[in-house]
Amino acid sequence: MTALLVVLGAAVGAPLRYVVDRAVRARHESMFPWGTLLVNVAGSALLGFLVALPVGPGWSALLGSGFCGALTTYSTLGYETVRLAEQGAGRHAVASAAANVALGLAAASAGMLTAGALA
Amino acid sequence: MGKEPVDVRVLAAIAAGGAAGALARLAAESLLPAPRGAFPWATFGVNVFGCALIGVLMVLVTEVAARAPRLARPFLGVGVLGGFTTFSTYAVQARDLLTAGAATVAAAYLAGTLAAAVAATWAGMRITRALARR
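Residues numbered from 1 in each chain as written. Chains lettered and ligands numbered in written order. Predicted model: local features only at pLDDT ≥ 70, side-chain atom pairs only at ≥ 80, totals over all residues. Heavy atoms only, no water.

An unreviewed UniProt entry lists chain A under the name Fluoride-specific ion channel FluC, from Nonomuraea corallina. Entered under Catalytic activity (unreviewed entry) in the UniProt record, the comment concerning chain A runs "fluoride(in) = fluoride(out)". Regarding chain A, the UniProt comment filed under Subcellular location (unreviewed entry) reads as follows: "Cell membrane". (UniProt positions renumbered as here; feature names shortened; annotations may be inferred.)

**Observations regarding the overall build of chain B**
When helices and strands are tallied, chain B shows five helices and zero strands. Taken from N to C terminus, the helices and strands of chain B fall in the order α-α-α-α-α. Along the first, second and third principal axes, the C-alpha set of chain B runs to 50 × 35 × 30 Å. Buried positions account for 44% of the 134 residues belonging to chain B. Once local pairs closer than 6 in sequence are excluded, the contacts in chain B between residues at least 24 apart make up 76%. Surface accessibility of chain B: about 6600 Å² in total, with carbon and sulfur atoms responsible for 70%. Charged side chains of chain B number 12 positive and 5 negative; the gap between the two group centres comes to 7 Å. (Helix = DSSP H or I, 4+ residues; strand = E, 2+ residues; numbered from the N terminus. Buried < 20%, exposed > 50% of the residue type's maximum accessible area, 1.4 Å probe, protein only. Contact = heavy atoms within 4.5 Å. Areas by Shrake-Rupley, 256 points an atom, 1.4 Å probe, with all protein chains shown as cover. Lys, Arg positive; Asp, Glu negative; His and termini not counted. Charge placed at Lys NZ, Arg CZ, Asp CG, Glu CD.)

**Quick word on the packing of aromatic side chains**
All names here are of chain B. The tally for this structure, following the rule as stated, stands at ten aromatic pairs over all chains. Arranged with centres 5.3 Å apart and planes meeting at 85 degrees, the rings of Phe 39 and Tyr 109 form a pair that is edge-to-face. Taken together, the positions of Phe 39 in the loop between helix H1 (8-31) and helix H2 (41-64) and Tyr 109 in helix H5 (residues 103-133) put the pair 70 residues apart, joining distant regions of the chain. In this structure Phe 39 comes out as buried when scored by relative accessible area, which is 17%. Residue Tyr 109 is classed as buried on the basis of its relative accessible area of 0%. (Phe/Tyr/Trp six-rings, centres within 6.5 Å; stacked < 30°, edge-to-face > 60°.)

Next comes the structure, spelled out in structure tokens:
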């Protein structure tokens, strides 16, 4: 049952990441990978919120491991960071990696604090 | 870019790949659960391995293959590897380590994953390029 819920959540989270990234690129011409930063920060906030509420194992599998897990990504972050460095945009590479880590951590904390305030 | 309508087949490939990748991540995390306050090795391994594979895949799809199958990148890259690797779990685990008073482990996990992930991506790309030139 857990596996099925993870599959369902991921089957929504992964395409949503693609759609968000496309939408961001269409509106905002920039080398900086804003789309990845956006999904990683949003997914970290939502997962922090869910973990701190806390939600039951079913919701955790569907929305946590499945949806948030697939909405957010490390592989794209890694690839975009190396590509930016290869293209001579080392500053963008460092800024993107640092922003993902710092804002992702802050978003997870904010999600947890929000859940704590509501509970 | 991105002005044309979203291709439903691309979305379906990403959904299927993402589901498969997330299942593999779930398997890794249940094989090696991280006790509270300990370094989350399973998620670390998933993210670093997934980065090595994206390096291999992206070089194959964008540089080596004359005509890569159209759905290869959406299915394997955006889907499988995107669903396999995760940032949200990483961020929440780091926050949990800080809450548990394991600040050194949290810092090592945050910086260690980032460094290893970027190095693995780079290595995956370099090795694939080197092999493709032979």
